[in-house]
Amino acid sequence: MGVPVAARNIFPSNIQGMPTWYEVRVVEAGWRGRRGGVDLMVAMNPETWTADLAEIEPGGYLLYDATKPITKERVRGDVTAVGVPLTALCHETFTDARQRQLFKNVAYLGSLASLLSIDPAVVEAMLVEQYKGKAPLLEANRQAFRLGYDWTREHVEPLGLKVERRDCVGDRIFVDGNSAAGLGAVYGGATVCAWYPITPSTSVAEAFMRYCRKFRVDKETGKHRYAIVQAEDELASIGMVVGAGWNGARAFTATSGPGISLMQEFIGLAYFAEIPAVLFDVQRGSPSTGMPTKTQQADLLCSAYASHGDTKHPLLFPEDPTECFEMGAQAFDLADRLQTPVFVMLELDTGMQDWLTAPFRWDDSRALDRGKVMSAEELEAGRDFGRYLDVDGDGIPFRTLPGTHPRRGAYFTRGTSKDRYARYTEEGAAYVDNMQRLLRKFESAKALVPGPVIERAAKPTRAAAVWIGSTGAPMAEALAVLEEQGIHLDRMRIRAFPFADAITEFIAAHDHVFVVEQNRDAQLRMMLVNECGIAPDKLIPVLHYDGNPMTARYITSEIGERARALGLVPGRPAIAAD
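Described in the following lines is the structure provided in the data block. (Residues numbered from 1 in each chain as written. Predicted model: local features only at pLDDT ≥ 70, side-chain atom pairs only at ≥ 80, totals over all residues. Heavy atoms only, no water.)

Here we look at the overall build of the protein
Okay, step 1: Tallying secondary structure elements over the protein gives 19 helices and 19 strands in all.
Okay, step 2: Scaling as 2.2 N^0.38, a compact globule of 578 residues should have a C-alpha radius of gyration of about 25 Å, and the protein matches this with 27 Å.
Okay, step 3: In terms of principal-axis extent, the alpha carbons of the protein reach across some 85 × 70 × 40 Å.
Okay, step 4: Out of the 578 residues belonging to the protein, those deemed buried represent 52%.
Okay, step 5: Within the protein, counting contacts between residues at least 6 apart in sequence, those at least 24 apart form 74% of the total.
Okay, step 6: For the protein, the accessible surface area stands at approximately 26,200 Å², while carbon and sulfur atoms represent 52% of it.
Okay, step 7: Averaging the locations of the 63 positively and 74 negatively charged side chains of the protein gives two centres separated by 2 Å. (Helix = DSSP H or I, 4+ residues; strand = E, 2+ residues; numbered from the N terminus. Rg over C-alpha atoms; globule rule 2.2 N^0.38 Å. Buried < 20%, exposed > 50% of the residue type's maximum accessible area, 1.4 Å probe, protein only. Contact = heavy atoms within 4.5 Å. Areas by Shrake-Rupley, 256 points an atom, 1.4 Å probe, with all protein chains shown as cover. Lys, Arg positive; Asp, Glu negative; His and termini not counted. Charge placed at Lys NZ, Arg CZ, Asp CG, Glu CD.)

Observations concerning the packing of helix α2 (residues 86-93) against helix α3 (residues 97-115)
Okay, step 1: Running from N to C, α2 and α3 point in directions that differ by 125°, and their axes come no closer than 9 Å. When the axis of α2 is compared with that of α3, the two are oblique. As α2 packs across α3, the resulting crossing turns out to be right-handed. Between α2 and α3, the contacting residues are Leu86, Thr87, Cys90 and His91 on the first element and Arg100, Phe103, Lys104, Ala107, Tyr108 and Ser111 on the second.
Okay, step 2: Grouping the amino acids of the contact of α2 with α3 by side-chain chemistry returns five nonpolar, three polar and two charged. (Axes fitted to C-alpha atoms, helices over the stretch in contact; angles between N-to-C directions. Parallel < 35°, antiparallel > 145°, perpendicular 65-115°, else oblique. Left-handed = near helix turned anticlockwise from the far one by under 90°. Nonpolar A, V, L, I, M, F, W, Y, C, P; charged D, E, K, R; others polar.)

Description of the sheet that holds strand β3 (residues 38-43)
Okay, step 1: The strand order across the open sheet built from three strands is β3-β4-β5, with neighbouring strands paired in parallel fashion. Either end of the sheet is taken by a strand with one partner, and the two such strands are β3 and β5 (80-84). Strand after strand, the sheet turns through a mean of 15° between neighbouring axes, direction not considered.
Okay, step 2: Two elements, strand β4 (residues 56-65) and β5, share five bridges in a ladder whose sense is parallel. Bridge pairing in β5 links aspartate 65 to valine 84. (Pairing = 2+ DSSP bridges.)

Details of the packing of aromatic side chains
Okay, step 1: For the coordinates displayed, the defined rule picks out 16 aromatic pairs.
Okay, step 2: Each ring, one from phenylalanine 94 and one from phenylalanine 103, has its centre 4.7 Å from the other, and the planes form 35°; the classification is tilted.
Okay, step 3: Given a relative accessible area of 5%, phenylalanine 94 falls into the buried group.
Okay, step 4: The class for phenylalanine 103 is buried, based on a relative accessible area of 7%.
Okay, step 5: Residues phenylalanine 208 and phenylalanine 252 carry aromatic rings whose centres are separated by 4.9 Å and whose planes lie at 90° to one another, so their mutual orientation is edge-to-face. (Phe/Tyr/Trp six-rings, centres within 6.5 Å; stacked < 30°, edge-to-face > 60°.)

A short note on the pattern of salt bridges
Okay, step 1: Inspection of every chain in the model, using the stated rule, returns 43 salt bridges.
Okay, step 2: Residue aspartate 336 is joined to arginine 399 by a salt bridge in which the shortest nitrogen-to-oxygen separation is 3.2 Å. With a gap of 63 residues between them, aspartate 336 in helix α12 (residues 321-338) and arginine 399 in the loop between α14 (376-380) and α15 (428-445) connect regions that are remote in the sequence.
Okay, step 3: A salt bridge links arginine 462 to aspartate 511; the shortest N-O distance between them is 2.5 Å. Of this pair, arginine 462 sits in the loop between β14 (453-455) and β15 (463-468) while aspartate 511 sits in the loop between α17 (501-508) and β18 (512-517), and the two are 49 residues apart along the sequence.
Okay, step 4: On the basis of relative accessible area, aspartate 511 is assigned to the partly exposed category, the value being 26%.
Okay, step 5: Taken together, the shared-partner salt bridges connect Arg32, Glu319, Asp320, Glu323, Arg493 and Arg495 into one network. (Salt bridge = Lys/Arg side-chain N within 4 Å of Asp/Glu carboxyl O.)

Regarding the state of the cysteines
Okay, step 1: A complete count under the given rule lists zero disulfides for this structure.
Okay, step 2: Cysteine 532 takes part in no disulfide bond, and the closest cysteine sulfur to it belongs to cysteine 302, at a distance of 19 Å. (Disulfide = S-S within 2.5 Å.)

A closer look at helix α8 (residues 234-246)
Okay, step 1: Across its 13 residues, α8 extends 19 Å between first and last C-alpha, which sits within 8% of the 18 Å expected from 1.5 Å per residue.
Okay, step 2: Along α8, the positions that sit buried rather than exposed are Glu234, Ala236, Ser237, Ile238, Gly239, Val241, Val242, Ala244 and Gly245.
Okay, step 3: Buried positions along α8 lie against β7 (192-195), β9 (251-255), α9 (257-262), α10 (264-273) and β10 (277-283).
Okay, step 4: Glycine 248, located one to two residues past α8, shows a positive phi value of around 105°. (Expected span 1.5 Å × (residues − 1).)

A look at the sheet that holds β10
Okay, step 1: If you trace the seven strands from one edge of the open sheet to the other, you get β8-β7-β9-β10-β12-β11-β17, paired in mixed fashion. Edge positions in the sheet fall to β8 (227-230) and β17 (496-497), since each of these pairs with one other strand and no more.
Okay, step 2: Pairing analysis gives two bridges linking β7 to β9, with the strands arranged parallel. Looking across to β9, one finds that valine 192 is bridged to alanine 251.

Thoughts on the nonpolar core
Okay, step 1: One finds Ile494, Phe499, Ile507, Leu524 and Leu528 to be the most contacted residues of the largest nonpolar core, which totals 48 residues.
Okay, step 2: Apart from residues no more than four positions distant in its own chain, phenylalanine 499 is found in contact with Lys446, Ile494, Leu524, Met527, Leu528, Glu531 and Cys532.
Okay, step 3: Residues Cys193, Phe280, Ala331 and Ala496 belong to the second largest nonpolar core, which totals 33 residues. (Core = buried A, V, L, I, M, F, W, Y, C linked by side-chain atoms within 4.5 Å.)

What about the packing of α2 against helix α5 (residues 135-155)?
Okay, step 1: Contact geometry for α2 and α5: axes closest at 11 Å, N-to-C directions at 130°. Viewed along their axes, α2 and α5 adopt a mutual orientation that is oblique. Considering the relative orientation of α2 and α5, their crossing is right-handed. Residues Leu89, Cys90 and Thr93 of α2 pack against Gln143, Leu147 and Trp151 of α5.

Points about the side chain of serine 114
Okay, step 1: Here serine 114 is to be found in helix α3.
Okay, step 2: Overall, the relative accessible area of 8% leaves serine 114 in the buried class.
Okay, step 3: Within polar-contact distance, the side chain of serine 114 engages the backbone nitrogen of arginine 153 at 3.3 Å.
Okay, step 4: If near-sequence neighbours (up to four positions away) are discounted, serine 114 is found in contact with Tyr149, Thr152, Arg153 and Pro158. (Polar contact = N/O pair within 3.5 Å; in protein donor to acceptor, adjacent residues only side chain to side chain.)

The values are spatial; any link to function lies outside them.
Here's what the structure looks like:
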């Protein structure tokens, strides 16, 4: 109908049949984050009735199954209760017990369409698409939909809420981030995926498999030009990825926080031996088993500094499925160019939820960046090859791939200390020399990873807000509301670690910077202090970590209260950004 929506599937991690919710935000303005509060609640589960009722906004609506009457104590005076006898209608129409239960859900949809004045032809067209080639199912679902729609239309007046056609969607698509990341891996040249199932990352590997079957099978020979291995555990999966990377394949694993914890040893090996690898970390509620079907941004520290000893790894922070696709492909170029593990830090809210997002773009002339790989011709010409030799000052050495040359270019990959020519040594000077070069490489990465997105407020200000990932969805709405309240903030979305110099400069140009993130310990703030040398008191943490996606109302309340306490007023002169 051309109306932007933001949908969230809220479900538990167990298999005990506990309650689930599906939340749809219909908003002409196009906000993609959760607002907070519910205008119309469809209460289908008696166990959660009280909690569901409490979420409804004053003046809102409650749709429920009125087959059995409810007492006055179970409704609120400031909420309009709309009862439809859906169970009774389904019992009268369908004979099979399972059908009665399943089709009641579709009858609910019919009632909603009537209450919200949605054209029934739109829904019926979707049923035709859903059940194409399955005539009996199509007819039964259409009958159930009409059951709820017709009864409600005859007995209940439309609500004060109404869904009207608009033309506000444009060419945007509706897709989840994990599918986008899997497709990005295909476009990024990945040919090997080794993984172990874990919520909420499993569908990244499944999407990669699905797209490989479509795009990576030779049409003439039927040969599969990819390898996908479900390993026995996370440790084995990252070991396979490192082995494939050493052999020259573009390889990745998909996991979540507990998997990253188990992979530490191999991540350290890939860092120290300088082997490309890509890890898709779809973050969930943590630590331990935590809340596997809830969302957080709590793996920043464990990923950025994964493994023991002194390590630093590039992280990419996609905001939505479009960036999941783009960064999913870019990560493989970065891993090859930098010869190191690269983490793509999705979140459950980005990965497992469907987002209205910009269509994916790809330049067909784009070539894979394999980085500094010496060819057989270069080796034959007698070019000096030191596997860990920095020849041009950027900290990135040349490498060779197995089998490139029959006599030259070989080296021994080890997790022990070595000199510039990959010879084993534990001499302190050689170790320091190698570690300093790795720091130079990390510094070089600043110019290669995606830079921050910076926008100025409508009026000059000495205050700002900083965030990463999916927090951008509610942030956009919250910043608009704060401006209406006279609180103007410059804003910066960080897209990668290591932090570009522009990030340090942006923060230095402001007196107060709100760092908005979804974890308890302010991990992004810690990294900014640690890596950029920023005074901690300048960075004001705004933290949300109950596992649910952050809402615009929460951000508006938290920043608004603190901004007023700090005496921030609009119109204060700003220091020039340069």
